[in-house]
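Analysis of the macromolecular model
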Amino acid sequence: MELALFLIFGGLAVLAGLNLLLQRHPIHSALSLVVVMMSLAVLYWSLGAEFLAAAQVIVYSGAIMVLFTFVIMLLNAGEEERTTGSRAAYLAGFPGAAAIFCLLTFVFLSERKALGASPLGGYLDNSVNNITEISTTLFTRLLLPFEVTSILILVAILGAVVLARKEH
Amino acid sequence: MVPTAYYLILSAILFSMGVAAFLIKRNIISIFMSIELMLNAVNLSFVAFAHMWHQIQGQIFVFFVMVVAAAEAAVGLAIIIAIFRTRRTLNVDQINLLNS
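Just so it is clear, the structure is predicted and the values come from calculations on it, not from any experiment. All residue numbers here refer to positions counted from 1 along the written sequence of the relevant chain. Chain A is the first chain written and ligand 1 is the first ligand written, with later ones labelled in order. A pLDDT threshold of at least 70 governs which residues receive local features in this predicted model, and a stricter bar of 80 or more applies before side-chain atom pairs are shown or counted, although totals over entire chains, interfaces and linings include all residues. Side-chain metrics in this entry use all non-hydrogen atoms of the structure; hydrogen atoms and water are not considered.

1. With respect to the interface of chain B and chain A
A common way to report how large an interface is uses the accessible area buried once the components associate. For clarity, the cut-off: Note on contacts: a residue pair qualifies if any of its non-hydrogen atoms lie within 4.5 Å across the two residues. Buried area is calculated as the accessible area (1.4 Å probe) missing from two parts once they are joined, with the contributions of both summed. Each reported salt bridge corresponds to a side-chain nitrogen of Lys or Arg within 4 Å of a carboxyl oxygen of Asp or Glu.
Listed per partner, the contact involves 69 residues of chain B and 85 residues of chain A. Here chain B and chain A share an interface that buries about 7200 Å² over both sides, 77% of which is from carbon and sulfur atoms. Together, Ile24, Met33 and His51 of chain B form the three largest contributors to the area buried by chain B at its contact with chain A, with a combined 10%. Here chain B is connected to chain A by zero salt bridges.

This is how it looks when you write it as structure tokens:
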């Protein structure tokens, strides 16, 4: 059952990723990316990370991708045209990506025994559940980094407002 | 039981598709989306390793990556809007002010 879940949603993620790669129109790429993020949320859930599955749906597909879609619609982005400048990127891009993929897959498959297998759902050490464990760590040991990220978000909001403002 | 290696291989597939999309896309918004795809691929391998070692730290790391990705998306899209205002194009081949 776990393997079926993994195969269905992993295959969906790969297909949507291929669609992102092949589509010319940015809005089609954006919608494929939403599909990738949703299937990744299901995989997070099956790996016992319920909080991250929810956060993936809310933050990534709910906030970031909506922002992307708004910008695509705001700038009225049409189909991209192929130009001569992209030929070098074609020649380097596909072999480079294939080389990265082959290297990583070789390493993972050769270390498959050491990596082991994962059953459905999580069983963390000394934990009640996933969210309890995450919040305990986040609000005790990692309190300072957590507060710093809130300042980072604030700075990012201010920067976005300043950058996107109309100049007089 | 799904071998952890399968999750890592899926992550590698998504990451290399993000690299390829980053290199061959000409639209600046599509390029930005392929960066998000790569971030997601790396997040998947973090969660897989966290599950493998029965540790929470990998999930915390993914949480921080999500926060930084949200900040990065906000600032990056604002920069894209500013570029579009001044250059009237989204094609990266025509944004070549430093190339002359």
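2. A word on the confidence of the model for chain B
Spelled out, the test is: Every residue gets a pLDDT, meaning the predictor's confidence in that residue, from 0 to 100. Under the scheme used here, helices are H or I runs from DSSP no shorter than 4 residues and strands are E runs no shorter than 2 residues, and both carry numbers assigned from the N terminus.
Predicted confidence across chain B gives a mean pLDDT of 90, with 99% of residues reaching 70 or more. When mean pLDDT is taken per element in chain B, helix H2 (residues 28–53) of chain B scores highest with 93 and strand S1 (residues 2–3) of chain B scores lowest with 85.

3. Quick look at unusual backbone geometry
Residue and element names in this part refer to chain B. Applied cut-off: To sort residues, take the accessible area from a 1.4 Å probe on protein chains only and compare it with the maximum for the residue type: under 20% means buried, over 50% means exposed, and anything in between is partly exposed.
For His54, which is not a glycine, the phi torsion comes out positive at approximately 55°. The topology assignment puts His54 in the loop between H2 and helix H3 (57–87). A relative accessible area of 23% means that His54 is categorised as partly exposed. One non-glycine residue, Arg88, lies in positive phi territory at about 60°. As for its position among the elements, Arg88 is in the segment after H3. We classify Arg88 as exposed; its relative accessible area is 59%.

4. Concerning the pattern of salt bridges
All names here are of chain B. Taken as a whole and assessed by the stated rule, the structure comprises one salt bridge over all chains. A salt bridge links Arg26 to Asp93, with the shortest nitrogen-to-oxygen separation between them at 3.0 Å. Of this pair, Arg26 sits in the loop between helix H1 (4–24) and H2 while Asp93 sits in the segment after H3; the two residues are 67 residues apart in sequence, bridging distant segments of the chain. Among the residues examined, Arg26 registers a relative accessible area of 9% and is labelled buried.

5. Quick notes on the environment of Leu37 of chain B
Among the structural elements, Leu37 of chain B can be located in helix H2. Sequence-wise, Leu37 of chain B and Met17 of chain B are 20 residues apart; in three dimensions their C-alpha atoms are separated by 8.2 Å. Here Leu37 of chain B is in contact with Leu20, Leu33 and Val36 of chain A together with Leu14, Met17 and Gly18 of chain B, once residues within four sequence places are set aside.

6. A closer look at the nonpolar core
What counts, and what does not: We define a nonpolar core as any set of buried Ala, Val, Leu, Ile, Met, Phe, Trp, Tyr and Cys residues linked to one another through side-chain atoms lying within 4.5 Å.
Formed by 68 residues in total, the largest nonpolar core has its most connected members in Phe68 of chain A together with Leu14 and Ile29 of chain B. Setting aside residues no more than four positions away along its own chain, Leu14 of chain B makes contact with Ala13, Val14, Val36 and Leu40 of chain A together with Leu37 and Ala41 of chain B.

7. Quick look at the packing of aromatic side chains
Heads up, the condition is: Centres within 6.5 Å are what make two rings of Phe, Tyr or Trp a pair, Trp counting through its six-membered ring; a difference in plane orientation under 30 degrees is then read as stacked, over 60 as edge-to-face, and the rest as tilted.
Counted according to the given criterion, the structure contains eight aromatic pairs over all chains. Ring centres of Phe146 of chain A and Phe63 of chain B lie 6.2 Å apart, and the angle between their planes is 20°; on these two criteria the pair is classed as stacked. On the criterion of chain membership, the pair formed by Phe146 of chain A in helix H7 (residues 143–164) and Phe63 of chain B in helix H3 is interchain, its members lying in two chains. Look at Phe146 of chain A and you get partly exposed, because its relative accessible area is 22%. Residue Phe63 of chain B is classed as buried on the basis of its relative accessible area, which comes to 15%. Where Phe46 of chain B meets Phe61 of chain B, the ring centres are 4.6 Å apart and the plane angle is 15°; that geometry is what we call stacked. Here Phe46 of chain B, found in helix H2, pairs with Phe61 of chain B, found in helix H3; they are 15 residues apart in sequence, far enough to count as distant. Judged by its relative accessible area of 26%, Phe46 of chain B falls in the partly exposed class.

8. As for the packing of helix H1 (residues 2–22) of chain A against H1 of chain B
For the record, the criterion: Only C-alpha atoms enter the line fits that serve as axes; for helices the fit covers just the stretch in contact. Angles between N-to-C directions range over 0 to 180 degrees. We call two directions roughly parallel when the angle between them is under 35 degrees, roughly antiparallel when it is over 145, roughly perpendicular when it lies between 65 and 115, and oblique otherwise. The classification used treats Ala, Val, Leu, Ile, Met, Phe, Trp, Tyr, Cys and Pro as nonpolar, Asp, Glu, Lys and Arg as charged, and all other residues, Gly among them, as polar.
In contact at an axis separation of 9 Å, H1 of chain A and H1 of chain B are set at 5° when each is read in the N-to-C sense. Classified by the angle between their axes, H1 of chain A and H1 of chain B sit roughly parallel to one another. Residue-level inspection shows Leu3, Phe6, Gly10, Ala13, Val14, Gly17, Leu18, Leu20 and Leu21 of chain A of H1 of chain A in contact with H1 of chain B, the latter providing Tyr6, Tyr7, Leu10, Ile13, Leu14, Met17, Ala20, Ala21 and Ile24 of chain B. Of the residues belonging to the contact of H1 of chain A with H1 of chain B, the class tally is 16 nonpolar, two polar and no charged.

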